[in-house]
Amino acid sequence: MKHRCPTASPLAKPFLPAALFAAVSFATIASTLAGIGLTAAPAAAQSAKEPVTFSGAPVRVGEINSYTGLPAFTIPYRQGWQLALEEINAQGGVIGCCELQVVSRDDAGKPDDAVRVAQELVTNEAVDVLAGTYFSHIGLAVADFAARNKMPFVAAEPLTDAITWSKGNRYTFRLRPSTYMQAAMLVEEAAKLPAKRWATVAPNYEYGQSAVAWFKQLLKEKRPDVEFVAEQWPAQGKLEAGPTVQALAAANPEAIFNVTFGADLAKLVREGEGRGLFRNRKVVSLLTGEPEYLEPMKDEAPEGWIVTGYPWDQIDTPAHKAFAAAYTARFKESPKQGSVVGYTTMKAIAAAITKAGSANAEPIVDALSGLTIDSPFGPVTFRASDHQATMGAYVGTTTVKDGRGTMKDWRYADGANYLPPDEAVRKMRPAE
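## Some points on the packing of helix H3 (residues 71-90) against helix H12 (residues 337-356)
Part 1 of the argument: Taken N-terminus to C-terminus, the directions of H3 and H12 make an angle of 35 degrees; their axes are 6 Å apart at the nearest point. Considering the relative orientation of H3 and H12, their crossing is right-handed. Residues Phe 73, Pro 76, Tyr 77, Gly 80, Trp 81, Leu 83, Ala 84, Leu 85, Glu 87 and Ile 88 of H3 lie in contact with H12, whose contacting residues are Gln 337, Gly 338, Ser 339, Val 341, Gly 342, Tyr 343, Met 346, Lys 347 and Ala 350.
Part 2 of the argument: Looking at the contact of H3 with H12 residue by residue, the classes come out as 12 nonpolar, five polar and two charged.

## Comments concerning the packing of helix H8 (residues 241-250) against helix H9 (residues 262-274)
Part 1 of the argument: The N-to-C vectors of H8 and H9 enclose an angle of 60 degrees; their axes lie 9 Å apart at closest approach. The orientation of H8 with respect to H9, classified from their angle, is oblique. Note that H8 runs across H9; the crossing there is right-handed. Within the contact between the two elements, H8 uses Ala 241, Gly 242, Thr 244 and Val 245 and H9 uses Lys 267, Leu 268, Glu 271 and Gly 272.
Part 2 of the argument: Among the residues making up the contact of H8 with H9, the classes are represented as three nonpolar, three polar and two charged.

## A few points about the sheet that holds strand E3 (residues 129-132)
Part 1 of the argument: The sheet built from five strands is open, its strands ordered E2-E1-E3-E4-E5 with parallel pairing. What marks the edges here is a single partner per strand, and that holds for strand E2 (100-106) and strand E5 (172-174). Here the strands of the sheet are splayed against their neighbours by 20 degrees on average, with no regard to which way each runs.
Part 2 of the argument: Where strand E1 (residues 59-65) meets E3, four bridges bridge the pair, whose relative direction is parallel. Its bridge partner being in E3, Glu 63 is matched across the sheet by Ala 131.

## Some words on the environment of Ala 249
Part 1 of the argument: As for its placement among the helices and strands, Ala 249 is situated in helix H8.
Part 2 of the argument: For the pair formed by Ala 249 and Leu 277, sequence separation is 28 residues and the distance between their alpha carbons is 6.0 Å.

## Notes on the sheet that holds strand E10 (residues 306-309)
Part 1 of the argument: Pairing is mixed in the open sheet, where seven strands are placed in the order E7-E6-E8-E9-E10-E13-E14. Each having just a single partner strand, strand E7 (227-232) and strand E14 (404-413) make up the two edges of the open sheet. Direction aside, neighbouring strands of the sheet carry axes that sit 25 degrees apart on average.
Part 2 of the argument: As paired strands, strand E13 (residues 393-401) and E14 are joined by eight bridges and run antiparallel to one another. Looking across to E14, one finds that Val 395 is bridged to Arg 411.
Part 3 of the argument: Of the strands in this sheet, strand E6 (197-201), E7, strand E8 (255-258) and strand E9 (282-289) are in contact with helix H7 (residues 206-222), which crosses E7 at around 170 degrees.
Part 4 of the argument: The strands touched by H8 within the sheet are E6 and E7, with E6 carrying the most contacts at an inclination of about 165 degrees.

## Description of the nonpolar core
Part 1 of the argument: Core analysis: the biggest nonpolar cluster contains 134 residues, and Leu 100, Leu 130, Trp 198 and Phe 215 have the highest contact counts within it.
Part 2 of the argument: Here this core gets 10 residues from one element, more than from any other, and that element is H12.
Part 3 of the argument: Apart from the residues lying within four places of it in its own chain, the contact partners of Leu 100 are Val 59, Val 61, Leu 85, Ile 88, Asn 89, Val 94, Met 346, Ala 350 and Ile 353.

Conventions and cut-offs
- Residues numbered from 1 in each chain as written.
- Predicted model: local features only at pLDDT ≥ 70, side-chain atom pairs only at ≥ 80, totals over all residues.
- Heavy atoms only, no water.
- Axes fitted to C-alpha atoms, helices over the stretch in contact; angles between N-to-C directions.
- Helix = DSSP H or I, 4+ residues; strand = E, 2+ residues; numbered from the N terminus.
- Left-handed = near helix turned anticlockwise from the far one by under 90°.
- Contact = heavy atoms within 4.5 Å.
- Nonpolar A, V, L, I, M, F, W, Y, C, P; charged D, E, K, R; others polar.
- Parallel < 35°, antiparallel > 145°, perpendicular 65-115°, else oblique.
- Pairing = 2+ DSSP bridges.
- Core = buried A, V, L, I, M, F, W, Y, C linked by side-chain atoms within 4.5 Å.
- Buried < 20%, exposed > 50% of the residue type's maximum accessible area, 1.4 Å probe, protein only.

Here it is, written out as structure tokens:
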């Protein structure tokens, strides 16, 4: 049996954004932070000089994601949690005595593989918590595994509402704003447009289906005069841009709601621009403002789309500045949306373990319920009613600047303002 210290030391309690960092040279980080008016915490300075000694057995996180299937997001995500892990252990680990370790596996973009590696992580690697996943159908598969095996699972990225609502369970928590939340953020802007005839294009799996359903419902609630005249459902990662664009144009919509991302998004933008699909039509687009999808298009990035995203180079809050400086110093590249998600996921897990004072499943689940942590975007709370976190997203429009896609005229939409009340979501969740 693993030895666990009963209480946390003061070193394990603060998870502040400016409390830095193990594997990076402290001098490098101090210099970087000094340039933006911040200083590193004394605990981090001490950790750079002397290795931290742990008196208890390690606490292990089993991390699962689609690294080979979607590297544009998942590699920055992995770097984000690696940075957080280094910070956590430099500050004394968790529970005041234990190193936090991560055992990572690739799910190959397949639910069956994700469940298989989850079982391996629990059985062979003796992990205490599961984390990660990107695609919604994979997140749902791991959530079901977590419920059946009574294993805490922090779903980092899958956006399907089912994971916290219709198929929610005691052991599963989700960090990112869901399809409902991000659709509601975009509907606020879409409802202001004069457009009445809408078309949609989305990947044909749980995430895309859910996003379109919520966008249609929420927009009709605000604008009963709108109608949806066309829907396109390409297979994820296999969009045939020519026929898709042709079908959308044939319906003659006044506006388009897009849910494609990654390579599919780039193909849609290129073909749509070439065929004039977007000329004199507004596009409202989920995730398109995220730099992992927007920046690779360079000067071919779309202009004027209303999007959710992450304008990393324009956010000047102290918490975000400290995170961005540390991430850039550590990995020699700018942060992406995935970087923030990975970083915050690992910080949330560490905070929950320390709050629980235990590496056992039930105390960790109890600690996650209602837990509030700091993040690069500000405070985030995992709601007790549905285990959905209140992390928000940035809403703005796309533009091209200095030869690359970026966002302008953006605002931060706090996720807490885009969630149904507790009594409503309790009715959607299965009885426990």
